Amino acid sequence: MSTDKTFEWTELDQRAVDTIRALAMDAVEQAGSGHPGTAMSLAPAAYLLFQRLMKHDPTAPDWPGRDRFVLSAGHTSLTLYIQLYLSGYGLTLEDIKRLRTWGSLTPGHPEHGHTVGVETTTGPLGQGLGNAVGMAMAARRERGLFDPDPAWGESPFDHYIWSIVSDGDIEEGISHEVSSIAGHQKLGNLIVIYDDNDISIEDHTQIAMSEDVAKRYEAYDWHVQTIDWTAGRVYREDPEALYRALVAAQEETERPSLIVLRTIIGWPAPNKQNTGKAHGSALGAEEVAATKRVLGLDPDKTFDVPQDVLEHTREVIERGRELHARWTEAFEAWRAAHPDRAAEFDRIHGRRLPEGWAAKLPEFEAGKPLATRAASGEVLKAIGPVLPELWGGSADLAESNLTTIKGEPSFVPEEHQTKEFPGNRYGRTLHFGVREHGMGAILNGITLHGGTRPYGGTFLIFSDYMRPAVRLAALMKLPVTYVWTHDSIGLGEDGPTHQPVEHLWALRAIPGLDMVRPADANETVVAWRTILEHTDRPAGLALTRQKVPTLDRTEYASAEGVAKGGYVLADASNGRPGVILIATGSEVHIALEGREILEREGTPTRVVSMPSVEWFEEQDDAYKQQVLPPSVRARVSIEAGVALGWRSYIGDAGESVSLEHFGASADYQTLYKQFGFTADRVVDAARASLTKLGAAGQGSTTGN
């Protein structure tokens, strides 16, 4: 991909950069909080990216052929906001003035979907870098789907992912995970600027960090360059040197690139540069005035943007339109040459499923026990051929999560393929290694990039390792799918370190995340179908290691009820339940066994399968009351985990068959018996609930 190799830095460019510094100081000063220092010292770098190097069109921020920019150092949000304002993305000077205030387009950290031009929500350090790696992977996968043959730079699907990271990003453990993957994957379309200023909130980073970051990234097999603006007797910014390094990074197509940019935070503030105070707080009126004097600006003016500076920076709009027009010409030529691929591109980018895809979903024979993780694997095998956008893998648990689509090559440089997993750079099966947190952030980046739809697997217990990324997926409403297997004490002998107890309700607590715990193979099918039909939220599948009965749907209700989150699986024999058993996943068949006993004793009993609380809560009140009639107060929840949120469903007269402690190491049959996940315990709980209401059925009441 060609970049203009000539370089010119005019007096107007320098004034634009100094205007950026002044705006950063003024905005934080007015807000009374924020991070001015990095926005000041990174002003030349951000200006170069937006004005000279990035392929972007401010008038078409969602243009598929654009480069992506990820500000991983989200605390320095002004670094991005000011560029969006100066470049003409729609932010106004008034928006800059309203930094960090209610209802503004300039919140404390950039938020995807809130501010035009913001590619991802950043703030938790390291997440943005993971997103950038995911975007780079998605760009390569998309190219493989639609235009695999041309050399690099000759396809309309070729573009760069640019990112700015801070010391904090580099320190976070997630940066190690995603950077290692990026080097292994040889992501030559990823270029990262590391703002190496040695300052964090606790002042100088030497108090906590002393490794050689450049050598670390060389060990990851990145292309590493260092630009040190502190090397001389006095601090000297050298935009041309940085520009040349960025161009060299573009020309390196076989490795991701890191540019270590040595800066002084808060430069040129005379008293607070190179201090922790410049990192995370307003400089103060006196320091702002003194800094403006150093820059040759009027200290009495705030939010001053000279008209000639604004006109100069807005010239990037015309540059962007020209780039966009050239891309469109190439893209239309590709469309004409590949009409079938073009139709598929349109469908996938519109997040539309193909006609008739659901007909490929499997149906499972009643009576044959099957683990829901195995059923999930069969679903992927069946729909893989008709959903090319769907791709994913596991955090080194493919054989356990069953996330490999049979017959599909791995996404990996050819030199890294193995006998077990042959593949190529455009492959489909992802291998994240033992890097759950990195996997979560990469999945977000893949989804944000567009053009494909990812899933990632690990054990449910290790969702803890990826929770920050899962939370951000929910915050951004990204349709990422998590295949979380080994979902309870039912995994057995691995013991309490691997047995999730609190995880289901901890994950249900994340707003916007759908948790789905299917009861059998056919519930798993409907769960997958429903998840894929949603395009505005992430979802987690909690799947069993152990086999569970495949229910006879001629005897019990259709698994279609899964789409509503909860449904009457087996009603009371007289249609008027005296007690309701609410269960999920592998405990549903235990509830059914308990129902049989209660019915024999004369207690009309309803079993409700509740695979997804979130989907159930989306239903109207009439449906919810039909499933859980308020008049039936005798209720029991059955789930192999903490009861927590079930109390809102069972009420003051209800009972929970739950696990309020950690598990143990033994076969799952023993664990279920020892911890009370049996039909007899369900019956006892039902009797106890009825007793509270003074309406015990036949038989003795033994309590819970």
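Here, every reference points to the structure presented above.
About the criteria used
Residues numbered from 1 in each chain as written. Predicted model: local features only at pLDDT ≥ 70, side-chain atom pairs only at ≥ 80, totals over all residues. Heavy atoms only, no water. Helix = DSSP H or I, 4+ residues; strand = E, 2+ residues; numbered from the N terminus. Buried < 20%, exposed > 50% of the residue type's maximum accessible area, 1.4 Å probe, protein only. Contact = heavy atoms within 4.5 Å. Expected span 1.5 Å × (residues − 1). Phe/Tyr/Trp six-rings, centres within 6.5 Å; stacked < 30°, edge-to-face > 60°. Lys NZ or Arg CZ within 6 Å of the ring centre and 35° of its normal. Core = buried A, V, L, I, M, F, W, Y, C linked by side-chain atoms within 4.5 Å. Pairing = 2+ DSSP bridges. Axes fitted to C-alpha atoms, helices over the stretch in contact; angles between N-to-C directions. Salt bridge = Lys/Arg side-chain N within 4 Å of Asp/Glu carboxyl O. Polar contact = N/O pair within 3.5 Å; in protein donor to acceptor, adjacent residues only side chain to side chain. Parallel < 35°, antiparallel > 145°, perpendicular 65-115°, else oblique. Left-handed = near helix turned anticlockwise from the far one by under 90°. Nonpolar A, V, L, I, M, F, W, Y, C, P; charged D, E, K, R; others polar. Patch = residues over 30% accessible without salt bridge, like charges linked within 9 Å, V, L, I, M, F, W, Y side chains within 5 Å. Areas by Shrake-Rupley, 256 points an atom, 1.4 Å probe, with all protein chains shown as cover. Lys, Arg positive; Asp, Glu negative; His and termini not counted. Charge placed at Lys NZ, Arg CZ, Asp CG, Glu CD.

**Remarks on the environment of Lys 301**
And then number 1: Looking at where Lys 301 falls in the secondary structure, it is placed in the loop between helix H12 (285-295) and helix H13 (307-313).
And then number 2: Of the residues examined, Lys 301 reaches a relative accessible area of 43% and is grouped as partly exposed.
And then number 3: Sequence spacing of Lys 301 and Asp 158 is 143 residues, and the spatial spacing of their C-alpha atoms is 44 Å.
And then number 4: In contact with Lys 301, not counting residues within four places along its chain, are Asp 26 and Lys 292.

**Let's talk about helix H10 (residues 239-251)**
And then number 1: The end-to-end C-alpha distance of H10 is 19 Å, a good match for the 18 Å that 13 residues give at a rise of 1.5 Å each.
And then number 2: Where H10 is concerned, the buried positions are Pro 239, Leu 242, Tyr 243, Ala 245, Leu 246, Val 247, Ala 249 and Gln 250.
And then number 3: Buried residues belonging to H10 abut helix H3 (43-53), strand E2 (161-165), strand E3 (190-196), strand E6 (223-228) and strand E7 (257-262).

**Re the packing of aromatic side chains**
And then number 1: All chains considered together, the criterion is met by 31 aromatic pairs.
And then number 2: For the pair Trp 9 and Tyr 47, a centre-to-centre distance of 5.6 Å together with 85 degrees between the ring planes defines the contact as edge-to-face. With a gap of 38 residues between them, Trp 9 in the segment before helix H1 (11-31) and Tyr 47 in helix H3 connect regions that are remote in the sequence.
And then number 3: With relative accessibility at 23%, the residue Trp 9 sits in the partly exposed group.
And then number 4: Here Tyr 47 falls in the buried class, since its relative accessible area comes to 1%.
And then number 5: On the basis of an interplanar angle of 90 degrees and a centroid distance of 5.2 Å, the ring pair of Tyr 217 and Tyr 220 is categorised as edge-to-face.
And then number 6: Through successive ring pairs, a cluster of aromatic residues spans Trp 63, Phe 146, Phe 157, Trp 327, Phe 331, Trp 334 and Phe 345.
And then number 7: Lying over the aromatic face of Phe 7, Arg 52 brings its terminal NZ or CZ to 5.6 Å of the ring centre.

**Looking at the nonpolar core**
A general tendency of soluble globular proteins is for nonpolar side chains to be buried together.
And then number 1: Leu 581, Met 610, Leu 628, Ile 638 and Phe 677 are the most contacted members of the largest nonpolar core, which has 78 residues in total.
And then number 2: Ranked by residues supplied to this core, first place goes to helix H21 (residues 521-533) with seven residues.
And then number 3: Dropping the residues within four chain positions of it, Met 610 is found in contact with Gly 565, Gly 566, Ile 582, Ala 583, Thr 584, Phe 616, Leu 628, Trp 646 and Tyr 649.
And then number 4: With 59 residues, the next largest nonpolar core counts Met 25, Leu 78, Ile 191 and Leu 242 among its residues.

**Here's the deal with the sheet that holds strand E19 (residues 635-638)**
And then number 1: As summarised here, the arrangement of the five strands in space is E16-E18-E17-E19-E20, forming an open sheet in which the pairing is mixed. The open sheet terminates on both sides in strands that have one partner only, identified here as strand E16 (567-570) and strand E20 (655-657). Adjacent strand axes in the sheet meet at a mean angle of 30 degrees when their direction is disregarded.
And then number 2: Running over the sheet, helix H27 (residues 679-692) touches strand E17 (579-583), E19 and E20 and is turned about 170 degrees from E20.

**Examining the pattern of salt bridges**
And then number 1: Counted according to the given criterion, the structure contains 38 salt bridges.
And then number 2: Residues Arg 517 and Glu 587 are paired through a salt bridge, measuring 2.5 Å at the closest nitrogen-oxygen approach. Taken together, the positions of Arg 517 in the loop between strand E14 (514-516) and H21 and Glu 587 in the loop between E17 and helix H22 (588-600) put the pair 70 residues apart, joining distant regions of the chain.
And then number 3: Connected through shared salt-bridge partners, Asp 514, Asp 536, Arg 537 and Glu 618 make up one network.

**Side note on the side chain of Arg 687**
And then number 1: Residue position: Arg 687 is located in helix H27.
And then number 2: Arg 687 gets classed as buried once you look at its relative accessible area, which sits at 14%.
And then number 3: Within polar-contact distance, the side chain of Arg 687 engages the side chain of Asp 684 at 3.3 Å.

**As for the sheet that holds E2**
And then number 1: Across the sheet, which stays open at both edges, the five strands sit in the order E1-E2-E3-E7-E6 with parallel pairing between neighbours. The open sheet has two edge strands with one neighbour each: strand E1 (68-71) and E6. Averaged over all pairs of adjacent strands, the angle between their axes in this sheet comes to 15 degrees, without regard to strand direction.
And then number 2: Sitting on the sheet, H10 is in contact with E2, E3, E6 and E7, with an inclination near 175 degrees to E6.

**Focus on the side chain of Ser 658**
And then number 1: The residue Ser 658 is located in the loop between E20 and helix H26 (668-674) in this model.
And then number 2: For Ser 658, a relative accessible area of 13% gives the class buried.
And then number 3: Among the polar contacts listed, one links the side chain of Ser 658 to the side chain of Glu 660, at a separation of 2.7 Å.
And then number 4: Non-local contacts of Ser 658, meaning those with residues more than four positions away in its chain, are made with Glu 639, Gly 641, Val 642, Ala 643, Phe 677 and Arg 681.

**Side note on the packing of H3 against helix H4 (residues 77-87)**
And then number 1: Put simply, H3 and H4 touch, their axes get as near as 10 Å, and they point 40 degrees apart. Here H3 is positioned oblique relative to H4, judged by the angle of their axes. Crossing geometry of H3 relative to H4 is assigned as right-handed. Facing Ala 43, Ala 46, Tyr 47, Phe 50 and Gln 51 of H3, the residues of H4 in contact are Thr 79, Leu 80, Gln 83, Leu 84 and Ser 87.
And then number 2: Broken down by class, the residue content of the contact of H3 with H4 amounts to six nonpolar, four polar and no charged.

**Considerations on the pairing of E19**
And then number 1: On E19, burial covers both faces: Arg 635 and Ser 637 on one face and Val 636 and Ile 638 on the other are all buried.
And then number 2: As paired strands, E17 and E19 are joined by four bridges and run parallel to one another. Paired with Ile 580 across the bridge in E19 is Arg 635.

**Description of a negative patch on the surface**
And then number 1: Where like charges cluster on the molecular surface, the negative patch consists of Asp 552, Glu 555, Glu 593 and Glu 596.
And then number 2: Checked against the element boundaries, Glu 555 lands in the loop between strand E15 (539-543) and E16.

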